[in-house]
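# Reading the structure
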Amino acid sequence: MSTSPSLIETTKKSIGTLLKTERSWISKSIRWIRILFFVVLFGLPLFVYTVSIDLFGLFGGMPSLKEIENPENDLSSELISADGVSLGRYYRNNRSQISFHDLSDELVNTLVLSEDHRYYEHSGLDFQAFLRVVWGLFTFSPAGGGSTITQQLAKNLYTRNPDKSLDGTMAKLGRYPRRIIQKTKEWIISVDLERNFTKEEIIAMYLNTAEFSSNSYGIKVAGETYFNKSTDSLNLQESAVLIGMLQNPTYFNPARRPENALQKRNQVLAKMYKHKYIIKTREQLDSITALPLGLNFKIKDHNEGLATYFRTVIGNHLMQFCQARGIDLWNSGLKIYTTIDSRLQKYAEDAMTAHMRELQKGFAEQWKGRNPWVDDDFKEIPGFLNSRIKQSDAYKIYVAKYGENSDSLRIMLNLKKQMTVFTWNGERDTLFSSMDSLAYYKRFLQSGLMAMDPNTGDIKAWVGGINHKFFKYDHVKQGTRQPGSTFKAFVYGLAMESGYSPCHPMKDVSPVFKVPGGTWSPPNFDGRRGSGAEMNLRQAMSRSVNSITAQMMQALGEENVVEFAHRVGIESKLDPVPSLCLGVSDVSLFELTGAYSTFVNSGIYTEPFYITRIEDKNGNVIENRIPKTRQAINEQTAYKMIYMLMGGVQEEGGTSRGLSLELKVDNEIGGKTGTTNNASDGWYMGVTHNLVTGVWVGGDERSIHFPSWNFGSGALSARPIWDKFMTSVYEDPESGIGKGKFKRPSTGLDVTLDCDKYFLHPDSIQVEVKPWDIN
């Protein structure tokens, strides 16, 4: 039986029509399914938000318009030097804000072309990207994310921020319902952000709120952490590394996972080639992707950078300031402008490091085979370490766990463990027990330095110790020690005020004081109680002759000396006893430097000053500060004391004669050394017409002694730091500190300074020796 061709054709057409209809139906069905999915995916969250969130408030409210117009972010507060350098930050999360104009073009364009190339075309939501995501879900071929830069900002500010995100019932929902509601909020917030901010502002806000791992929050800190660069100087490769981290900061951390970061960077650079931004050819792409990451990685913390001790000390002051005003120092984004000069600060830190490294070597050599914790007779203190270990955190922890008299306590204190210790040649890993560590660190000499402008009170440099990471104690303001002979300036200052002339003659004979239990007669540095030689007061002070200072103390009265010292700037309690003339009452380097500045500033005491103003994150000034001043002594007395202090440099036998020749040329310098009788402290106070600097050197506590009085004298232990510091300052024409003469009294001198000609060592300075010029 045969089938006619017409029937076959009819059947084919019918089958074709049926298949076409079926395909059309399937196509329409898929299309409607997709539309339904789109509605479910995008419409249902909006409905859920409208009904469940807005109507019933079940899942937390939306941010208000005011909050969107003024989004809050966790911001570090920044400490800024007088010359505009960032000294450090106070933060919980290390974050600092920048403006759009602070971003390099490479950084901005890399962000846009890599993350949201239609950024300037949409209004917060990119529906083409949404459709791409949906299609990827249907075809099981993910084609990238659909979030815009604005959505990512919304997520950073509100839906990812635990303080602003959804809570309550939301926390009990499953992953997908929670994600749907979060996504809906992102959309709504994104639209509001676009309405209230420019595209440039949104980019800056997004990069400010992004996380970059390694305790780096915000693009400014990220640039400093990974490349030691400001955001306006980041190049294309560096920008690609940082933008690549946005997707997963930990996984693409270039310091911890360089292979991942390099691969991601090259992917970002490939997008730049795709859009023909900078990279125009395949050869250029191959060339730039072959480059290494080029990291300059350094995590910023409170132990790094300049003025670490200063930052810590004034941080306590700032916390009190903020608490009184309801401000959170750690995340309010304050700008604290200080008087510290970053250049002088660096010179001070460098000078201290250079000298203390060498001084420590000599200290270790002379104490070799012996322990430096000795009494005033240089006999080792029994049980010193056993008593000091009880002050340690380790001891307190072990006592709480094992008991004070247990064998386990002794075992644990002597158990060796891995630790990193400080050395002058860098950090070193070693095996130390708690007792080993204590014995090791007690052998280190410490130091402090403070420099201030005597005319304004501005503190220009503050170095509280040799290494803030390992030695936290500040030796500028926190620590107080016996000032030794530097205190003599206040005895002689009262003498000048009382009518004595610097040229007044005295004999080197130690007086006798009646004291409880007997008498006291101070010896000179050579152990003798006077040579009987005659000298004037200027010579006696310049040579630090104890006997003549004691005679002035006896003539003036202890109570009067205490009053004078307090008047010119000493704030610590001073004991009105005869030995006060030799500096037996503790003072801080901070107050001693301020008091010496009174002499330079024509008798006006200016309280040492370190903060000029404080601004909020928007640049509004919330505190302006000016130094406190008072007329402590008249300008006649002040200048006579300057003349006395210059004797240390100019008089034969003066304790400042050993200063570098270059410092003294075309310059007037005054100085005073100080050394305590028990060889625990060395001091130097150096004064010029525009900078007063104090230096202290000694052990971590007064039981740590120099190996001899000569080794620990202020002239050997402290003065070299001042010398190195001032040499660096004068060599820098940008430092703002130059040589010059001290101010003379505005009304002229009320006495004639006609002391005998002073003598200079022939090799000390090549100028004609003349009587003191009083003009």
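Residues numbered from 1 in each chain as written. Predicted model: local features only at pLDDT ≥ 70, side-chain atom pairs only at ≥ 80, totals over all residues. Heavy atoms only, no water.

### With respect to the sheet that holds strand 17 (residues 681-687)
Here we have five strands laid out as an open sheet, ordered 7-6-18-17-16, and antiparallel in their pairing. Pairing within the sheet leaves two strands with one partner each, and these edge strands are strand 7 (459-463) and strand 16 (670-675). On average, adjacent strands in this sheet sit at an angle of 10° to one another, irrespective of strand direction. Sheet topology places strand 16 next to strand 17; six bridges connect them, and they run antiparallel. Along strand 17, the bridge assignment pairs Gly674 with Trp683. Sheet strands touched by helix 23 (residues 635-650): strand 16 and strand 17. Its angle to strand 16, the strand with the most contacts, is close to 80°. (Pairing = 2+ DSSP bridges. Helix = DSSP H or I, 4+ residues; strand = E, 2+ residues; numbered from the N terminus. Axes fitted to C-alpha atoms, helices over the stretch in contact; angles between N-to-C directions. Contact = heavy atoms within 4.5 Å.)

### What about helix 7 (residues 199-209)?
For helix 7, the buried fraction is high: nine of the 11 residues fall into the buried class. Along helix 7, the positions that sit buried rather than exposed are Lys199, Ile202, Ile203, Ala204, Met205, Tyr206, Leu207, Asn208 and Thr209. (Buried < 20%, exposed > 50% of the residue type's maximum accessible area, 1.4 Å probe, protein only.)

### Here we look at the nonpolar core
Trp462, Phe490 and Phe725 are the most contacted members of the largest nonpolar core, which totals 139 residues. The leading source of residues in this core is helix 23, at nine residues. The contacts of Trp462, once residues within four sequence positions are left out, are Ala307, Tyr309, Phe310, Val313, Ile340, Gln345, Leu449, Asp474, Val476, Lys477, Phe590 and Tyr610. Residues Leu111, Phe197, Ile203 and Leu207 belong to the second largest nonpolar core, which totals 35 residues. (Core = buried A, V, L, I, M, F, W, Y, C linked by side-chain atoms within 4.5 Å.)

### A few points about the environment of Thr231
Inspection of the secondary structure assignment puts Thr231 in the loop between helix 8 (219-227) and helix 9 (236-245). In this structure the C-alpha to C-alpha distance between Thr231 and Phe100, which are 131 residues apart in sequence, comes to 9.9 Å. Those residues in contact with Thr231 that lie beyond four places of it in its chain are Ile98, Asp102, Leu103, Ser104, Leu107, Ile219 and Lys220. Of the polar contacts made by the side chain of Thr231, one reaches the backbone oxygen of Asp102; its length is 2.6 Å. (Polar contact = N/O pair within 3.5 Å; in protein donor to acceptor, adjacent residues only side chain to side chain.)

### Points about the pairing of strand 16
Of all the six residues making up strand 16, six are buried; the element is thus mostly covered by neighbouring parts of the structure. Burial of the side chains of strand 16 extends over both faces: Gly670, Lys672 and Gly674 are buried on one face and Gly671, Thr673 and Thr675 on the other. Hairpin remark: strand 16 followed by strand 17, antiparallel, with five residues in the connecting loop; positive phi at Ala679, about 60°.

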